[in-house]
Structure formats: C-alpha cells, structure tokens
Amino acid sequence: MGVAASERKLDKGERVIGGGGWRQCVERAVGLAMALGLVVACERFENRSPISPTDVRADPGLGIEVLAQWSPYVGIHVAGQALETYREAVSILRAAGRLKGVRIEITRGLSPGDPTLRAITATGVEVLGLISNEILRLPNIEDEIDHIFRAYPQIRHFQVGNEVTTNQGGTTITIQQYMTIFQRVYDHMLSSDPGRAILLTQSTLGSGLHGPTELEAMGHLGLSGLDPRHVIVAVNMYDLDHASQYLGLLGGALRGFRVWVTESGIRDPERHLSWVRDSYPRLRNLLRAERVYWYVMWGGDSGPDTDFSLVKNPSAYPNYWRSPLFELLASR
C-alpha cells in the first residue's frame, strides 16, 4: 500500500532493494501469522444478534456483556451550553467506574481557564489533548507546542492533528507535509523536555482503505524510525470491514508502537450497545488497541454527529436526554 515493494525504507535507515531481504520477509511473516490468528479469534464476535435497551432490561446478562467490553474513554466537544450537563454526566460515569479519560480538542480559541474545560478536568478525568489541525499550519510549530505545554501542564498525552488529509471543512495538508511537522514536534519535545509528554500521531480516516494506506505511508516517511516510548499510533475506526487491512503493518514495521483508537462508534443510539459488545473486542484484537474512545459525549442536537451522542439537549439540564448506552454505563 502506498510505497512500492521495490524499495522499502526499514528501521535505522536500512534498505531492501528489489523487494527481497530476510528482514522484510520476517516482517511479512509476523504480520501474516498475526492476521491469521486474530481473524480466527474474531470470528466468534461476528453474526451475533443485535441487542436493544429492552433486551438489556429483560436480560441483565446482556448488559454485563456490554460492560465487560466497554473501554472507559470518550471524546468531548468543549461547548459552553453543555457545562452543567458535562459536569454531571462525567461525574456520574466517573462514580460508576466507567470513565477514566476524555479526548478534547485544543484550538487557538480555547483558553485553559474555559469554564467547561475546568468543570470536566475538575472531576479528575485524564485528558488526551488533540492539537487542532489549524495549529499545524502555523509557521513556528515549536513555539506553539511550547505554549500548549505551558498552558496545559496537567495533560501528558497530546495528539498532533486528526484526519489531516481528509478533514471535512477544515485545514488539510498532505501526508508528506504532516510527517515533516510531526518530526519537528517530536524532535523539539525530545530536545527541550523529553519527559514532558507522549505524542500521538494524527488519526487516519476511520473507514475504507484510505486509513491503512496513509498509515503505511507515515511509516515510510519516518514514523517507523521514531522511539515507541514517546509515540503512540492513533487510528479512527468506524468501518470494521477494513480493520484487518492494518494487521500486516501493525504486526510488522509498526509492531513496537502502542495503538489507541481515538474515535469509534455507530450513528444510531439503538445500536450503541451492540457496537460496544461486538466491535470493541474486534478492535482490540485486530488493531492491538489499548484504548478505544467512543466518538463523542455530545455531537450536537442536529447534524450528522448527533446520533453518536451519549447525551443530547444539554441546555435542558437537568432534563437532558441520555442514550441507552449512557444509562447502562451509569448503572451500579
């Protein structure tokens, strides 16, 4: 995918010419073995009957299955009108032991003193800071990173961009440009304060073949040569039909890196429960995902993201809508 087999860049600058070489064969063999084993392991999660909120009420064992697969991480859009609802919803999930971390976008317009951000962080939840794509295009990215690190001392994990080549209605750059920027951020962090943070790569697109192809290109453009102690590979994943396309890469050139799925879920509240029960274990098996972040706590009350939401109508606090998945997660 993406780079011809006639000349593949390997670790430490080593090269294999003509598609041969024992090291490339070993990487392919490892990837193939991993793929065969994990595909077999995942077969038992397929073709299961969907579950509804009514099913869970009738059979508590189904709810236990969902909770056993849940990963306690959720994306949150910082919005002033959701302050009280976020404060309560995050606190409820924290108290139930079902929320450890949230992913929040850091834009140039976000202040560290933002009341909604402070309400969320006051619950003690861990924050993954997503550095907005708009910041990546600024001329002195090193100064921007220093500013962000100073402004958000409580955040240790920072994701450098999200779907940077396909961001709808936002700033887009080529994957070559992105890897140049990521390398600058990585080099600057290691030279100035190597223990300050762990970086996450931009998340590749969560559906189709674009994501696997792009992640392979990132590996050839320098990612595979970085230190896995300081970098985590991030993937957005909504389309499990193509998740297996990552197997050879994550089991080969990038096998030393941890993997977080930073967005996932389904756009249908009635199918949220089934998605967690059936898809989360497949994400762990196929992608080696340590974490899976449900896409969003609140995706707006209208528009394409609203039905990913765990809560809706936050301005109606305390009478905001709660999804069946949220209700299950909030239970004790």
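Let me begin by describing the structure that accompanies this report. (Residues numbered from 1 in each chain as written. Predicted model: local features only at pLDDT ≥ 70, side-chain atom pairs only at ≥ 80, totals over all residues. Heavy atoms only, no water.)

### Describing the nonpolar core
If you look at the biggest cluster of nonpolar residues, it comprises 86 residues, and the most contacted ones within it are Tyr178, Leu223, Leu287, Trp294 and Met297. Judged by nonpolar contacts, the second largest core, of eight residues, contains Tyr73, Ile198, Ala234 and Trp260. (Core = buried A, V, L, I, M, F, W, Y, C linked by side-chain atoms within 4.5 Å. Buried < 20%, exposed > 50% of the residue type's maximum accessible area, 1.4 Å probe, protein only.)

### Quick look at the layout of surface pockets
Within this model, the largest pocket holds a volume of roughly 620 Å³. Every residue lining the largest pocket is counted, 26 residues in all, and those nearest its centre are His77, Glu105, Leu130, Glu263 and Tyr295. Elements represented by at least two residues in the lining of the largest pocket include exactly β4 (101-106) and α6 (133-136). Broken down by element, the lining of the largest pocket gets its largest block of residues, three residues, from β4. Residue composition of the lining of the largest pocket, grouped by class: 10 nonpolar, 10 polar and six charged. (1 Å grid on protein atoms, 1.4 Å probe; cavity = no way out; pocket = protein on both sides within 12 Å on 5 of 7 lines; lining within 4 Å. Points joined across faces, edges and corners; volume = space filled by probe spheres on them. Helix = DSSP H or I, 4+ residues; strand = E, 2+ residues; numbered from the N terminus. Nonpolar A, V, L, I, M, F, W, Y, C, P; charged D, E, K, R; others polar.)

### Examining the packing of helix α3 (residues 60-69) against helix α11 (residues 272-287)
Taken N-terminus to C-terminus, the directions of α3 and α11 make an angle of 40°; their axes are 8 Å apart at the nearest point. The crossing of α3 and α11 is left-handed. Every residue of α11 that contacts α3 at Leu62, Glu65, Val66 and Gln69 is listed here: Leu273, Val276, Arg277, Tyr280, Pro281 and Arg284. Per-class residue counts for the contact of α3 with α11 are six nonpolar, one polar and three charged. (Axes fitted to C-alpha atoms, helices over the stretch in contact; angles between N-to-C directions. Left-handed = near helix turned anticlockwise from the far one by under 90°. Contact = heavy atoms within 4.5 Å.)

### Some points on unusual backbone geometry
Of the consecutive residues Tyr317 and Pro318, the connecting peptide bond is found in the cis state with omega at 10°. Its place among the elements puts Pro318 in the loop between β11 (311-312) and β12 (321-322). Of note in the backbone geometry, Glu163 takes a positive phi value of approximately 45° without being a glycine. Its place among the elements puts Glu163 in the loop between β6 (157-160) and α8 (175-192). On the basis of relative accessible area, Glu163 is assigned to the buried category, the value being 14%. We note that Arg288 has phi near 60°; this positive angle belongs to a residue other than glycine. Inspection of the secondary structure assignment puts Arg288 in the loop between α11 and β10 (289-294).

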